[in-house]
Amino acid sequence: ESLDLLYQNLQLINATAELHSIVITSTLAGEGKSTLAVGLAISAARLHQRVLLIDADLRRPNLHKLLNLPNEQGLSTLLVSQSPIPQQIETQDSNLRGNISVLTAGPTPADPVKLLSSQRMKEVIAAFEQTYDLVIVDAPPALGMVDAVLTASCCSGVLLVGRINQVSRSKLAQAMEMLSQLNLIGVVANGVSSPTVRESYYASQDQR
C-alpha cells in the first residue's frame, strides 16, 4: 500500500512535470533501492502502465538475482552494440507478469563510466521513453562514484532511498545536494516502523 501511495504521489508530480523515466538510487549500498524499484514497477503496472525496469548498476547488478533472470545480455551489451535500439524488451523467465519488461545489467564492463556517459546511453533512455509509459532505472549508490549522476542526467527525475538507522544525516544531505541539480523529486525513508502503516516505506516529497 505504501508503494502504491508513492506511485500516486509521483503521478501528482507528473501532472506538472512529465516524468517518463525515474532513477532510483541510494546514499550507500544496502538501503533497499532495488527492492523499491521492483515494487514501484509493480504498482505502476497494476494501474495499466507499460513499465520498463532497467538495472543500470553495472558494477554490482542485483535485479537479475531478485527476479531470477538470465544476465548474459543486458544494458551493457546494448550500450556497446551498433544495432538499432529495440522498441521493447522481451523478458524471459521472470516472475513478473503483465505490463513489466526488465532489462538486466548484462556482463560487467571494463569501464562502466564510459558506457553510462555515452551518447548511446542517452539514446537508449530516450528511445524507451517513447515506447513505455514509465522507465524505472535502478542505479548504483550516489556517494563514492559518479555512475548515479551520469544515469540521472539521462532521465526525467531521481528518487533517493535512505534506510533509517543506517545512513547518517550528513551523508544523506550530501547525496541530496548532489542530486538536487538533476531534478531530485523525492526522498524515500526505508525501514520506518509505524503502527498505522503496514509497509516499511514512506514517501517524503521534496518538490522543487
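Our structure's up above, just so we're on the same page.
Chemist: Would you take a moment to explain the overall build of the chain for this structure?
Modeler: A tally of regular secondary structure across the chain gives eight helices and seven strands. Considering only contacts within the chain whose residues lie at least 6 apart along the sequence, 79% involve residues at least 24 apart. With an accessible surface of roughly 10,100 Å², the chain has 49% of that area assigned to carbon and sulfur atoms.

Chemist: For this particular structure, what's the right way to read the pairing of strand β4 (residues 134-138)?
Modeler: Every regular strand shows the same layout, with side chains that alternate between the two sheet faces. The buried fraction of β4 amounts to five of the five residues, a majority that puts the element mostly inside the structure. Because side chains alternate across β4, one face comprises the buried residues L134, I136 and D138, and the other comprises V135 and V137, equally buried. Pairing of strand β1 (residues 21-26) with β4, which is carried by four bridges, proceeds in the parallel orientation. From the neighbouring strand, S21 faces β4, where its bridge partner is V135.

Chemist: I tried to follow the pattern of salt bridges on my own but got confused; where do I start?
Modeler: Pairing of side chains with opposite charge becomes possible as their charged atoms draw close. Inspection of the entire model under this criterion finds three salt bridges. Between K33 and D138 there is a salt bridge whose closest N-O contact spans 2.9 Å. Of this pair, K33 sits in helix α2 (residues 33-46) while D138 sits in strand β4; the two residues are 105 residues apart in sequence, bridging distant segments of the chain. Per residue, the accessibility class of K33 equals that of D138, and both read buried. The partner of R59 in a salt bridge is D147, and the shortest N-O contact between them spans 2.8 Å. Linking R59 in the loop between β2 (51-55) and α3 (63-66) with D147 in helix α7 (residues 147-152), this pair joins segments that are 88 residues apart in sequence. Salt bridges sharing common partners tie together K33, D57 and D138.

Chemist: Any chance you could explain the nonpolar core here in plain terms?
Modeler: L52, I54, L75, L103, F128 and V137 are the most contacted members of the largest nonpolar core, which has 36 residues in total. For this core, the secondary structure elements donating two or more residues are β2, α4 (75-80), α5 (112-116), α6 (119-131), β4, α7, β5 (157-163) and α8 (169-179). The biggest single contributor to this core is α6, with four residues. Not counting residues up to four positions away in its chain, the partners in contact with F128 are L52, I54, L78, I85, P86, Q87, I89, L103 and V135.

Chemist: For this particular structure, what's the right way to read α2?
Modeler: One turn of the α-helix equals 3.6 residues, which is why residues spaced by three or four share an orientation. Taking 1.5 Å per residue, 14 residues should reach 20 Å; α2 reaches 20 Å between its end C-alpha atoms and fits that length. Where burial is concerned, most of α2 is hidden: 11 out of the 14 residues are buried. Inspection of α2 places K33, S34, L36, A37, V38, G39, L40, A41, S43, A44 and A45 among the buried residues, and these make up the whole buried set. H48, located one to two residues past α2, shows a positive phi value of around 70 degrees.

Chemist: Can you help me understand unusual backbone geometry in this one?
Modeler: Negative phi characterises most residues that are not glycine, and trans characterises most peptide bonds. Backbone geometry places N68, a non-glycine residue, at a positive phi of 55 degrees. In this structure, N68 sits in the loop between α3 and α4. Phi is positive for N183, which is not a glycine, with a value near 60 degrees. Positionally, N183 belongs in the loop between α8 and β6 (184-190). N183 gets classed as partly exposed once you look at its relative accessible area, which sits at 28%.

Chemist: For this particular structure, what's the right way to read the pairing of strand β3 (residues 100-103)?
Modeler: Here β3 shows a buried face lined by I100 and V102 and a second buried face lined by S101 and L103. Across four bridges, the pairing between β2 and β3 is parallel. Paired with V51 across the bridge in β3 is I100.

Thresholds, definitions, all that
Residues numbered from 1 in each chain as written. Predicted model: local features only at pLDDT ≥ 70, side-chain atom pairs only at ≥ 80, totals over all residues. Heavy atoms only, no water. Helix = DSSP H or I, 4+ residues; strand = E, 2+ residues; numbered from the N terminus. Contact = heavy atoms within 4.5 Å. Areas by Shrake-Rupley, 256 points an atom, 1.4 Å probe, with all protein chains shown as cover. Buried < 20%, exposed > 50% of the residue type's maximum accessible area, 1.4 Å probe, protein only. Pairing = 2+ DSSP bridges. Salt bridge = Lys/Arg side-chain N within 4 Å of Asp/Glu carboxyl O. Core = buried A, V, L, I, M, F, W, Y, C linked by side-chain atoms within 4.5 Å. Expected span 1.5 Å × (residues − 1).

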